[in-house]
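Chain by chain, the residues run as shown.
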Amino acid sequence: MSVKLLVIAGARPNFMKVAPLWAALSPDPQFLLKLVHTGQHYDYAMSGQFFEELGLPQPDYHLEAGSGSHAQQTAEILKRLEPVLIAEKPAAIVVVGDVNSTLAGALAAKKLGIDVIHVEAGLRSLDRSMPEEINRLATDAISDLFLVTEESGRYNLLREGAPPERIHMVGNLMIDSLHGHLKQALQSDARSRLIQGEAERQFGLITLHRPANVDHEGQLAQILMALDEISQEVPLYWPVHPRTRAKLQGLTYSKEIHLLEPLGYLDFLSLQAQSTVVLTDSGGIQEETTVLGVPCLTIRENTERPVTIECGTNRLAGTTRSSILKAWRELRDEPQKERKIPPFWDGKAGERCHAVLSQYFLTPVERG
Ligand code: UD1
C-alpha cells in the first residue's frame, strides 16, 4: 500500500519549493500525493500563474482561506484543513517554508496525531518581531522530520533539542526550480518587454513586502530616499507586491524607479539573472541571487539565511537611508568577493527529499 502524503502550498514562495518536490515524489508508486492549496495567495499573478509555469497540477483541495490578520488567516486555514485531514487520513503532512499556511498546516495535522514533515526547517533570524520567525519556531517545535537547506538549520534545530537522526540536509528545492527554468527564462523576451528602452543599459531590481518595511509610512519613506539616490546611478525596476502597492499611495519617488505589476516566475527569474543589483527584503531572493551570482542588498537588519552572506552575494544593508546607501557604495566600489554555491544547492534537492522520505516511511520502527 502506498504512503499518502498531503502537501500544503499557500503563498507565492511555497510554489517553487513544492513543484520540484512534487516532480520527485509523484512518479513513485510508493507515495500517493494530495495537493492542498490554502488560498493564502489567490490572485492569478501571485498564485495561478506560478502553478502553470512550474507545472504544478490542479490542487486536490482549494481551501480559499484568503487574506486577513495573522490570527484570522491562520485560523481560517486550520478550520478548513481539519476536515480534509480527517477525511484523507494521510501518513504525514508536508509543509514548506515559513508562511502562515506552513504553521497552520503543521498545527492542524499534529493535533490529529499526523506526522509533520517540514521542508526548509531550522532557519532562524533570531528576530521574533518577524511573523515568519514565529511560524518557523512553532512549526519546528511540532515537526517530526526536518529537511534543511543549509547547515545553520541543523545547528539551530540541534540547539533547540530536535533529535539529530530526524534532521536531514537535502539542499534547496527553490534552487531546483531555478535550475529547471533558467534557460527558458533567459530565452524569453522579458527584458525587452519590461525594461522599456533600457535593453542595452544596466538596471537593478527591487522587491519589498515585509510588514516592518512597508506598513509604516515613515519607514517606507526612509527606504524610498535611498532607492531614489541609487536610481540616479542605475535605473531600478520594481514589481510591486499587492501589500506594498497599497502603502505606496501618496508617497513620491524618482522617475528612475519604474513600478511593474507582480511578475510571474519566468519573467522575474529572467530579470533577476540580468540585473546589476537586487535590493530586496525577501528570503528566497537572497538564495536565488546567490546562485545566479548577482549582488544582493537585503533591506533588513538580519537574515535567517546566513549562508547567502558567508558563501553568496548577499549583504545586509539595514533599513535606514544611510545604511542602505553605505551598503550600495561598498558594493559598487569594492571588488566583488569570491562567491561559492552553498553545498547541495545543485538542483538535486528533490531527489534527496525523495530518498529521505523513502527511508523514513520504509523503516517505521525508527519512528516515535
Ligand atoms: C506572505 C508571507 C511572507 C512571504 C510573502 C510572499 C506570512 C506571514 N507571510 O506575506 O512570508 O514572504 O507572503 O509574498 O505568511 N494580497 C493580494 N492578493 C493575493 C495575496 C495577498 O492582494 O493573492 C494582499 C492582501 O491585501 C493581503 C496582503 O496582500 O492582505 C498581504 O498578504 P498576506 O498573505 O497576508 O502576506 P504577504 O505580505 O503576502
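Residues numbered from 1 in each chain as written. Predicted model: local features only at pLDDT ≥ 70, side-chain atom pairs only at ≥ 80, totals over all residues. Heavy atoms only, no water.

A. Expanded view of the site of the ligand. The local shell around the ligand holds 19 residues, among which His-41, Asn-100, Glu-132, His-209 and Arg-243 are the closest. For the ligand, an oxygen atom lies 2.8 Å from a polar atom in the side chain of His-209. Interatomic distance of 2.9 Å between a side-chain N/O atom of His-241 and an oxygen atom of the ligand. Protein contact buries 85% of the 740 Å² of open area that the ligand shows by itself. Broken down by class, the residue content of the shell around the ligand amounts to 5 nonpolar, 9 polar and 5 charged. (Near = heavy atom within 4 Å. Polar contact = N/O pair within 3.5 Å; in protein donor to acceptor, adjacent residues only side chain to side chain. Areas by Shrake-Rupley, 256 points an atom, 1.4 Å probe, with all protein chains shown as cover. Nonpolar A, V, L, I, M, F, W, Y, C, P; charged D, E, K, R; others polar.)

B. Summary view of the pairing of strand 11 (residues 277-280). Residues Val-277 and Leu-279 point to one face of strand 11 and Val-278 and Thr-280 to the other, with burial holding for every one of them. Pairing of strand 8 (residues 204-207) with strand 11, which is carried by 4 bridges, proceeds in the parallel orientation. If you follow Thr-207 over to strand 11, its bridge partner there is Thr-280. Bridge analysis of strand 11 against strand 12 (residues 296-298) gives 3 bridges, and the strand direction is parallel. Note on strand 12: the bridge partner recorded for Val-278 is Cys-296. (Buried < 20%, exposed > 50% of the residue type's maximum accessible area, 1.4 Å probe, protein only. Helix = DSSP H or I, 4+ residues; strand = E, 2+ residues; numbered from the N terminus. Pairing = 2+ DSSP bridges.)

C. Quick peek at the sheet that holds strand 12. Judged by pairing direction, the sheet is parallel, and its 6 strands sit side by side in the order 10-9-8-11-12-13 without closing on themselves. The two strands at the open ends of the sheet, each matched to only one other strand, are strand 10 (257-260) and strand 13 (314-316). Neighbour-to-neighbour, the strand axes of the sheet open up by a mean angle of 20 degrees, direction not taken into account. Contacts from helix 15 (residues 321-333) reach strand 11, strand 12 and strand 13, with the element oriented near 160 degrees to strand 12. (Axes fitted to C-alpha atoms, helices over the stretch in contact; angles between N-to-C directions. Contact = heavy atoms within 4.5 Å.)

D. Structural view of the nonpolar core. If you look at the biggest cluster of nonpolar residues, it comprises 58 residues, and the most contacted ones within it are Leu-5 and Phe-361. With 7 residues, the top contributor of residues to this core is helix 1 (residues 12-25). Each of two domains, domain 1 (3-171 + 345-362) and domain 2 (181-333), supplies a minimum of three residues to this core. Not counting chain neighbours up to four residues away, the residues in contact with Leu-5 comprise Leu-25, Phe-31, Leu-32, Leu-33, Lys-34, Ala-92, Val-94, Leu-357 and Phe-361. If you look at the next biggest cluster of nonpolar residues, it comprises 26 residues, including Ile-206, Val-240, Val-277 and Trp-328. (Core = buried A, V, L, I, M, F, W, Y, C linked by side-chain atoms within 4.5 Å. Domains from an automatic or database assignment.)

E. Up close: the pattern of salt bridges. Applying the stated rule across the entire model yields 28 salt bridges. A salt bridge links Lys-247 to Asp-215; the nearest nitrogen and oxygen atoms lie 4.0 Å apart. In this pair, Lys-247 is assigned in helix 11 (residues 242-248) and Asp-215 in the loop between helix 9 (211-214) and helix 10 (217-233), connecting sequence segments 32 residues apart. In this structure, Arg-321 engages Glu-229 in a salt bridge whose closest nitrogen and oxygen atoms are separated by 2.5 Å. Here Arg-321, found in helix 15, pairs with Glu-229, found in helix 10; they are 92 residues apart in sequence, far enough to count as distant. Exposure remark for Arg-321: the relative accessible area of 32% places this residue in the partly exposed category. Exposure remark for Glu-229: the relative accessible area of 31% places this residue in the partly exposed category. Several salt bridges share partner residues, and in doing so they unite Lys-17, Asp-98, Glu-120, Glu-133, Arg-136, Glu-287, Arg-300, Glu-304 and Arg-305 into one network. (Salt bridge = Lys/Arg side-chain N within 4 Å of Asp/Glu carboxyl O.)

F. Structural detail: the sheet that holds strand 1 (residues 3-9). Strand order in the open sheet formed by 7 strands is 3-2-1-4-5-6-7, with parallel pairing between adjacent strands. Two strands lie at the open edges of the sheet, namely strand 3 (61-62) and strand 7 (167-169), each paired on one side alone. As paired elements, strand 6 (residues 145-148) and strand 7 share 3 bridges and run parallel to each other. Paired with Phe-146 across the two strands is Ile-167, which belongs to strand 7.

G. Up close: the packing of helix 10 against helix 15. The interhelical angle for the contact between helix 10 and helix 15, taken along N-to-C directions, is 30 degrees, at an axis separation of 8 Å. Considered as vectors, helix 10 and helix 15 are oriented roughly parallel to each other. In this structure, helix 10 crosses over helix 15, and the sense of that crossing is right-handed. Contacts between helix 10 and helix 15 involve Gln-222, Ile-223, Met-225, Ala-226, Glu-229, Ile-230 and Glu-233 from the first element and Arg-321, Ile-324, Leu-325, Trp-328, Arg-329 and Arg-332 from the second. Residue composition of the contact of helix 10 with helix 15, grouped by class: 7 nonpolar, 1 polar and 5 charged. (Parallel < 35°, antiparallel > 145°, perpendicular 65-115°, else oblique. Left-handed = near helix turned anticlockwise from the far one by under 90°.)

H. Spotlight on the packing of aromatic side chains. This structure, assessed with the given rule, holds 5 aromatic pairs. Look at Phe-15 and Phe-50: their rings are 6.4 Å apart centre to centre, the planes differ by 45 degrees, and that puts the pair in the tilted class. With Phe-15 in helix 1 and Phe-50 in helix 2 (residues 44-54), this residue pair connects regions lying 35 residues apart in the sequence. A relative accessible area of 0% means that Phe-15 is categorised as buried. (Phe/Tyr/Trp six-rings, centres within 6.5 Å; stacked < 30°, edge-to-face > 60°.)

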